[in-house]
Each structure stands twice: as structure tokens, then as C-alpha cells.
Amino acid sequence: MPSPSFCPTCGGHDLGHQLPPGDTHERLMCRGCGYIHYINPKIIAGCIIEQDGKYLLCQRAIPPRPGTWTLPAGFMEGGETTEEAALREVWEESGVRAEIVSPYSIFSVPRISEVYIIFRAIALEITGQFGPETLAYTFFAPEDIPWDSIYYPAIRQILERYIEERQAGVYGMYMGNDDSGKIHFMR
């Protein structure tokens, strides 16, 4: 994540990493005015949407990895709740209006400072129109999902687990991370 090269408060160029008084982490600080530049994780919100036993996936039109398939999800905007962000992203990427049923998975990726929040949802309206970040969208039966073309291993694991749970009719709430390069989930 890029850091500013000048202080946004005083315009000075005397930024450096130091430990602010009373803090537990080094921060980028202006030695002139004391401004502290916090680098916080980005939140990605999205949904697993099912309809008639099929699951909505979107084919990416943009980097990274255009052409791969993923759940409809994207970066949360300021002033949104996670639920609003997830539903907006579903709409923008698939043209599907949805309703959230419950939270399903929280997944942290510390090395790139991202947190994924995935909800269970149902489709209310399918318009057939989608935004420029999507090449195509499809509701896939489990056996037809392009598993080898799923964008990110954690998304694949979340979807696989969800499909297994749907067949059993019992859903969990999961947390996980890929801090070590291995993907772990806890129930």
C-alpha cells in the first residue's frame, strides 16, 4: 500500500516511521506537525447467492486475473454498512438484486491488508445487465462450477464448504486467514 510522500496536514516532507506516544505500532508520522498516517485494512464485502440450488459467480473483466470466476464482491465505500456494500457490489457486478440471509464468513489476508466479509443471500431480481468489471455471470449447479478457474483459493474453499452445508441444511459462521500462506478456517 503506497504511503504519502508529504504530510497532508502541513505539506511538509518530513515523514518517517516512529512509535506515537501511547501507541503499540510504528506509524508513518510527520516530524513537523505530528500528523499520524494510519494504514488500515480494506474491507471486501460480497455474497454467496443461491437460486434453485445454483450459485452465482461472476467472471472478472479486470486485473488481477481477468477471466477467472469469483463470488460477486468488492471494496466497501465510506459511509456504507458491510451489508450495503455487499448488496451494491452484487448489483454492480451481476445486475442481481439480492437479500441478505445471514453472515457466513470473515477471512483476513494480512499480507495485503484485506478482510473479506461474505454473506449468505438470495436473488430477488435478475436483470441480465452487469457492470464493466464483469465479463459474464452465471448461476452454476455445483457440478458445473469452473473450480479450476476460481479467482482465489479462499473463495473456492468458502464456496465448497457452503455447498456441503447447504446439502446438510446446517450453516456455520466461519473465520479464517492466509497469514502463513496456508488457508485455515475456524467454525
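Not measured: the values here are computed from a predicted model. (Residues numbered from 1 in each chain as written. Predicted model: local features only at pLDDT ≥ 70, side-chain atom pairs only at ≥ 80, totals over all residues. Heavy atoms only, no water.)

In this section: unusual backbone geometry. The peptide bond linking proline 63 to proline 64 adopts the cis configuration, its omega dihedral lying at 0 degrees. You can see proline 64 is positioned in the loop between strand E5 (54-60) and strand E6 (69-70). We note that arginine 65 has phi near 60 degrees; this positive angle belongs to a residue other than glycine. Given a relative accessible area of 41%, arginine 65 falls into the partly exposed group. The backbone of serine 113 shows a phi angle near 55 degrees, a positive value even though the residue is not glycine. If you trace the backbone, serine 113 turns up in the loop between strand E8 (96-109) and strand E9 (114-126). (Helix = DSSP H or I, 4+ residues; strand = E, 2+ residues; numbered from the N terminus. Buried < 20%, exposed > 50% of the residue type's maximum accessible area, 1.4 Å probe, protein only.)

Two numbers describe a pair of aromatic rings. These are the distance of the centres and the angle of the planes. Counted by the stated rule, this structure contains nine aromatic pairs. Note on tyrosine 104 and tyrosine 162: the rings are 5.1 Å apart at their centroids and 80 degrees apart in plane angle, and the pair reads as edge-to-face. You can see tyrosine 104 sitting in strand E8 and its partner tyrosine 162 sitting in helix H2 (residues 153-168), a full 58 residues away along the chain. Residue tyrosine 104 shares its accessibility class with tyrosine 162, and that shared class is buried. Feature note: the residues Tyr55, Tyr104, Tyr162, Tyr171 and Tyr174 constitute an aromatic cluster, connected by ring pairs. Note that arginine 97 overlies the ring of tryptophan 91, its terminal NZ or CZ placed 3.6 Å from the centroid. Taking NZ or CZ as reference, arginine 161 lies 3.6 Å from the ring centre of tyrosine 174, over its face. (Phe/Tyr/Trp six-rings, centres within 6.5 Å; stacked < 30°, edge-to-face > 60°. Lys NZ or Arg CZ within 6 Å of the ring centre and 35° of its normal.)

Helix length check: helix H1 (residues 82-94), at 13 residues, gives a terminal C-alpha distance of 18 Å against a target of 18 Å (1.5 Å per residue), a fit within 8%. Those residues of H1 lying buried are Ala85, Ala86, Arg88, Glu89, Val90, Glu93 and Ser94. The elements touched by buried residues of H1 are strand E4 (42-51), E5, strand E7 (73-75), E8, E9 and strand E10 (134-140). Within two residues after H1, glycine 95 carries a phi angle of roughly 70 degrees, on the positive side. (Expected span 1.5 Å × (residues − 1). Contact = heavy atoms within 4.5 Å.)

Moving on: the nonpolar core. Among the nonpolar cores identified, the biggest contains 24 residues, and Ile48, Tyr55, Leu57, Leu71, Ile145, Tyr152 and Leu159 are the most heavily contacted of them. Among the secondary structure elements, those contributing two or more residues to this core are E4, E5, E8, E9 and H2. Apart from the residues lying within four places of it in its own chain, the contact partners of isoleucine 145 are Tyr55, Leu57, Phe140, Ile150, Leu159 and Ile163. Within the second largest apolar cluster, 17 residues are counted, among which are Ala85, Val115, Ala121 and Tyr137. (Core = buried A, V, L, I, M, F, W, Y, C linked by side-chain atoms within 4.5 Å.)

Along the chain, phenylalanine 130 turns up in the loop between E9 and E10. According to the relative accessible area criterion, phenylalanine 130 is partly exposed, its value standing at 35%. For phenylalanine 130 and asparagine 40, which are 90 residues apart along the polypeptide, the C-alpha to C-alpha distance reads 30 Å.

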